[in-house]
Each structure stands twice: as C-alpha cells, then as structure tokens.
Amino acid sequence: MRLLPVLLILLLAGCTLMPNETGELPEGVTDPKEDLVAQIKDHPDDLDSHADLLRLQIKDGDAVGAQTTVGHALKFNGEDYRAHLLAAQYHRWQGDLISAEKSLLTARDLGPERLEPRVALSGLYNQTYLEDEELEQRRVTLELAGPELRPEFLLDYAYACSDLGRDEEARTAALELVADAKAPAGRRSRAEVLLCELSLRKELENESIAHLLKAYELQPDYEGVVQYAARLVTAVKDGKALKPIFEKTLETQDRVELRWAALFGHWMLAVQTAAAAEKDPLAEEVDSWFQRLDAVSPSHPDTLTRHYQLLALDPAREAQLKETEEKLKASDFGAPPAPGSMKAVIRLWRAEDALRLNAPGITLAELTQLEVREPNLDGMRIMRTMALFKARDNEQCLGSIDAWLSEEDEDSEFLLAMRWWILLREGKSLEVLNELKKRDDKPTNASLWIESVAKFHVYRSTGELPPDNG
C-alpha cells in the first residue's frame, strides 16, 4: 500500500475542476475522481473503479494520473486480464501502439477464453490497417462466443469482411445470420442491410431492394434502415419498390429522425419519377415533399443542397436560387455543384448516394459519364478519388492523388493522409516514414497518428523500432 499516498497526490494534481481562486470546490460539490481514489484505496482489486478513474483522467488529459492508475491496477491485479486491458487503453491514448499490442497479447494469454482481449485486438488492428490480423481475431472471437453472443459477433465479422473487400465471405456470414430464426431481429435486420449493400455493389438492384424490405420488416422502428432506404432510392435506377417503407414509417412513427428520412425518401422518389417522365421536378406535387421536409428540419443542408441543384435548372427561379444559396452560405456549406440537366443531376445524386452506401463501383461509372457530359462540374475529382479508395483500387487511387498533389502549390492534408493509408495498406510503412521525415511543416494530429502506425508496422515486421530519421 506504499504506492497509495503517491497515487493520491498525483491523481489530485490532475483534477481540473477549480472554479475559484483558492482552488477549493464550491460547497456541496465533490470531484468524482476523489471518490474513486478513495474507493481504490480501500479496494485495490476493484478494477471497475480503476477503469472509471482512467476514463476521467484521459478525458481531462491527465497523463501522469492515468499512468499511476494503470500502474496501481497492474501492481495489485497483475494476473487479471482486465488490468492489462486498462494498460492497453492508456498506451493507445499515448500513441504507443507497440506497448498497447503487448498489453493486449498479455490480456489474451491471461484470459484465453475471454472475448474482451480478442475484441480489443481486432479494434487495434482495424485502426492500424493490419487487415489479416483483424479478421483472424474476429474469427477467433466468433469461435469463442456462446450461442447468445454468436449473432452479435457473426454480424461484426460479416461487416468487417465487407469493409476489407472480402464480399463473398461477408455474404456467407450474413446469410448464416438471417437464416437463424433464433437470432435477435435487430441483428438479422442489420445482416439484411449488409446483403442489400453487397447486392448493390453488383448492381443487382431488385435483389438489393428485396433485402432492404426484409430488413425493414424485421426492425421498422430503426432509423438506420429508413435512412438507408432514402439514399437507396437514387442509388438504384428505379426505387419505386421502396415506397412502402416511407409510407408505413409516416403512418406509424413519431420520431423526427424516422419521419425526416421517410420524407426525404418520398421526395427523392417523386423527383426520380418526374425526371423519368420528363416532368418538372419542382412542380407542386413534387415540391410539396420538399416543403414538408423543410418544415420538419428547416434549412437542413441535405435538402437545401439538392433543392438548390433543382432550382439551378430553371432560369425563371433565379430569385429562389439566390435565397437558397444564402441559406447554404449561412450554414457554412456554400453552393454545391450544379449540373446543367436533370439527367446529370440524377447521375450526380446516384454517384453521391452509392458512395454513401459503399457501392463505389456505381459511383465511378456515373462519374465517368458526368465527366464527359459536365467536364467543368466541381467536386468530381475528389469524389472519384474517394470512390477509388473505397473500391480498394490502390494503383488508380495513388495515381490520382499523386497527379493532384503535383499540381498544387500547397499539399492537401486530406490527400496526403489518404496516400499514406494506401501505402500502409500495401505494407509500405518505411516509405511512409521517409515521406513524413521530408516534411518541413509542423506535424498534425493525423500525421502523428500515421507515423505511430507506420512505426508499429515496422516493429511488427522486423522486431525493432525504426530509427528516428525513418
């Protein structure tokens, strides 16, 4: 217990609630960290209190206190895997990924049948672009999970496979889950959404819509499904089959998020239908959906942006166009790209929404058409680069980024970060470190994190830390 007086001093030094000049707390107010320190003093094996204290210290930026808390937890609970999970949390916060992994591996060895170390390891590998390692941990977690937890981890595994471009593995896992009648409806609904996404990537539109309708039947009160449906309307060529989702939602749901998504879907469907029939997409029967949307969430940027693009098609509505542009400026979004035809507007919306729904192939196909028909349309280049990144077309994406960077007087932090993530994805961590070394400007939070990840990759492949000069 000799460590406790030092622990108390260091922890109290990290307290930030100092509302008066003397540093005393207002009458009747206590710092929750003091209570936790007292609890830990009396019960050094209380790892829940250690975890609560560490969370508050990290929130306050109290590195000294957090280190002391972790040291105390390990001193008194070194054989408990949970203490090493706390150590990993501290190391991850400090950007020390090597120590974080070591702590998690120790936790795994101390609790070989426990799920938490495996989940934490998969999370670390996900954040550091160690894709094979991430999937392996998720697979082992799935094997360890009991029947009551299997649906949750099967869903996690399916989505992880999808995110890493392993669509057939993702489909197999999702189909297994939807076939399990005992699995919670919410999990099966999410699996149907994933099957919808996977079908959309193959442009199997009827199949994609059918999966989303099943997802809605399983979980009609989940806004994520309705929001997905609202975007799917324009991501497919004909979204009429989605109309029942919007109708039933408006009939049965009172929550603003659900109603907004249903109204947005109705509006997109009405515009899509009008465009197909070569009718005015701003006619009263169509625009009424926009008016209802604007009443639910006034000046929402998603609705204002698309309304602006429709108004820009009609010179007679210039006054409304200017008014909408002012609203967008006030919301810090500014005027969006404005295609010159209704067909081009629909193509642009399809490209945008397909990218939102993780179907970058559709986005790239629509952009190819738009770039021919609307060569001066703003925003196409960045959307193409993002779509190539999501499609995992590393060579094309790097080529696009490098060409863009060579044209600019000042490097784009966003493009550089995307470039470095691709290189890490391809196992070129030393190249990343060398590029970071050559930069003369001050590091950003993003570049510091990427540097930590690159060093982590080098250490894992060589067993040694790279020199400071990369």
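Here's what I pulled together on the structure shown here. No experiment lies behind these values; they were computed from the predicted model shown.

**Thoughts on the side chain of S49**
Part 1 of the reasoning: Within the secondary structure, S49 sits in helix 3 (residues 47-60).
Part 2 of the reasoning: On the basis of relative accessibility, which here comes to 8%, the residue S49 falls in the buried class.
Part 3 of the reasoning: At 2.6 Å, the side chain of S49 forms a polar contact with the side chain of D46.

**A look at the packing of helix 21 (residues 380-390) against helix 22 (residues 394-407)**
Part 1 of the reasoning: Remark: helix 21 packs on helix 22, axes separated minimally by 8 Å, with the N-to-C direction vectors making an angle of 145 degrees. At the point where helix 21 passes helix 22, the crossing takes the left-handed sense. On the side of helix 21, the interface is formed by R381, I382, T385, L388 and F389, while helix 22 contributes Q396, C397, S400, I401, A403, W404 and E407.
Part 2 of the reasoning: Among the residues making up the contact of helix 21 with helix 22, the classes are represented as seven nonpolar, three polar and two charged.

**A short note on the side chain of H50**
Part 1 of the reasoning: Along the polypeptide, H50 turns up in helix 3.
Part 2 of the reasoning: The class of H50 is buried, set by a relative accessible area of 0%.
Part 3 of the reasoning: Those residues in contact with H50, other than ones at most four positions away along the chain, are I40, P44, T69, H72, A73, N77 and L86.

**Concerning helix 19 (residues 342-356)**
Part 1 of the reasoning: Its 15 residues give helix 19 an end-to-end C-alpha distance of 21 Å, which sits within 8% of 21 Å, the value for a rise of 1.5 Å per residue.
Part 2 of the reasoning: Restricting attention to buried positions, one finds in helix 19 the residues M342, A344, V345, L348, W349, R350, A351, D353, A354 and L355.
Part 3 of the reasoning: Contact partners of the buried residues in helix 19: helix 12 (205-218), helix 13 (223-235), helix 15 (256-276), helix 17 (301-311), helix 20 (360-373) and helix 21.
Part 4 of the reasoning: Among the residues trailing helix 19, N358 stands out with phi positive, at a value near 60 degrees.

**Re the environment of M380**
Part 1 of the reasoning: The topology assignment puts M380 in helix 21.
Part 2 of the reasoning: What makes M380 buried here is its relative accessible area of 5%.
Part 3 of the reasoning: For the pair M380 and L370, spaced 10 residues apart in the sequence, the C-alpha separation amounts to 8.3 Å.
Part 4 of the reasoning: With near-sequence residues (within four places) excluded, M380 lies in contact with L348, L367, L370 and E371.

**Describing the nonpolar core**
Part 1 of the reasoning: By size, the foremost hydrophobic cluster in this structure holds 73 residues, and its most contacted members are L200, L212, L232, L242, F246, W267 and L310.
Part 2 of the reasoning: The element that contributes the greatest number of residues to this core is helix 15, accounting for 12 residues.
Part 3 of the reasoning: If near-sequence neighbours (up to four positions away) are discounted, L242 is found in contact with I209, L212, A229, L232 and V233.
Part 4 of the reasoning: Judged by nonpolar contacts, the second largest core, of 48 residues, contains I98, M380, F389 and W404.

**Brief notes about the packing of helix 23 (residues 413-425) against helix 24 (residues 429-438)**
Part 1 of the reasoning: Helix 24 packs onto helix 23 with a crossing angle of 150 degrees between their chain directions and a minimal axis gap of 8 Å. Taken together, the axes of helix 23 and helix 24 lie roughly antiparallel to each other. From helix 23, R419, W420, L423 and L424 reach across to helix 24, where they touch S429, E431, V432, E435 and L436.
Part 2 of the reasoning: Split by residue class, the contact of helix 23 with helix 24 holds five nonpolar, one polar and three charged.

**Details of unusual backbone geometry**
Part 1 of the reasoning: Even without being a glycine, E203 presents a positive backbone phi close to 60 degrees.
Part 2 of the reasoning: Along the chain, the position of E203 falls in the loop between helix 11 (185-201) and helix 12.
Part 3 of the reasoning: With a relative accessible area of 41%, E203 lands in the partly exposed category.
Part 4 of the reasoning: At D332, a position not held by glycine, the phi torsion is positive, near 70 degrees.

**Section: helix 14 (residues 243-252)**
Part 1 of the reasoning: If you check which residues of helix 14 are buried, you get I245, F246, T249 and L250. The buried residues of helix 14 all sit within an arc of 120 degrees when viewed along its axis, so they share a single face.
Part 2 of the reasoning: On its buried side, helix 14 packs onto helix 12, helix 13, helix 15 and helix 16 (284-296).

**A look at the pattern of salt bridges**
Part 1 of the reasoning: Enumeration according to the criterion identifies 43 salt bridges in this entry.
Part 2 of the reasoning: One salt bridge connects E136 with R139, and the closest N-O pair in it is separated by 2.5 Å. Of this pair, E136 and R139 both sit in helix 8 (residues 131-144), three residues apart, which is roughly one turn of the helix.
Part 3 of the reasoning: The salt bridge involving R231 is made with D302; its shortest N-O contact spans 2.7 Å. You can see R231 sitting in helix 13 and its partner D302 sitting in helix 17, a full 71 residues away along the chain.
Part 4 of the reasoning: Given the relative accessible area of 23%, D302 is considered partly exposed.
Part 5 of the reasoning: Connected through salt bridges with shared partners, the residues R231, D302, R306, E352, D353 and R356 form a single ionic network.

Rules behind the numbers
Residues numbered from 1 in each chain as written. Predicted model: local features only at pLDDT ≥ 70, side-chain atom pairs only at ≥ 80, totals over all residues. Heavy atoms only, no water. Helix = DSSP H or I, 4+ residues; strand = E, 2+ residues; numbered from the N terminus. Buried < 20%, exposed > 50% of the residue type's maximum accessible area, 1.4 Å probe, protein only. Polar contact = N/O pair within 3.5 Å; in protein donor to acceptor, adjacent residues only side chain to side chain. Axes fitted to C-alpha atoms, helices over the stretch in contact; angles between N-to-C directions. Left-handed = near helix turned anticlockwise from the far one by under 90°. Contact = heavy atoms within 4.5 Å. Nonpolar A, V, L, I, M, F, W, Y, C, P; charged D, E, K, R; others polar. Expected span 1.5 Å × (residues − 1). Core = buried A, V, L, I, M, F, W, Y, C linked by side-chain atoms within 4.5 Å. Parallel < 35°, antiparallel > 145°, perpendicular 65-115°, else oblique. Arc of directions from axis to C-beta. Salt bridge = Lys/Arg side-chain N within 4 Å of Asp/Glu carboxyl O.

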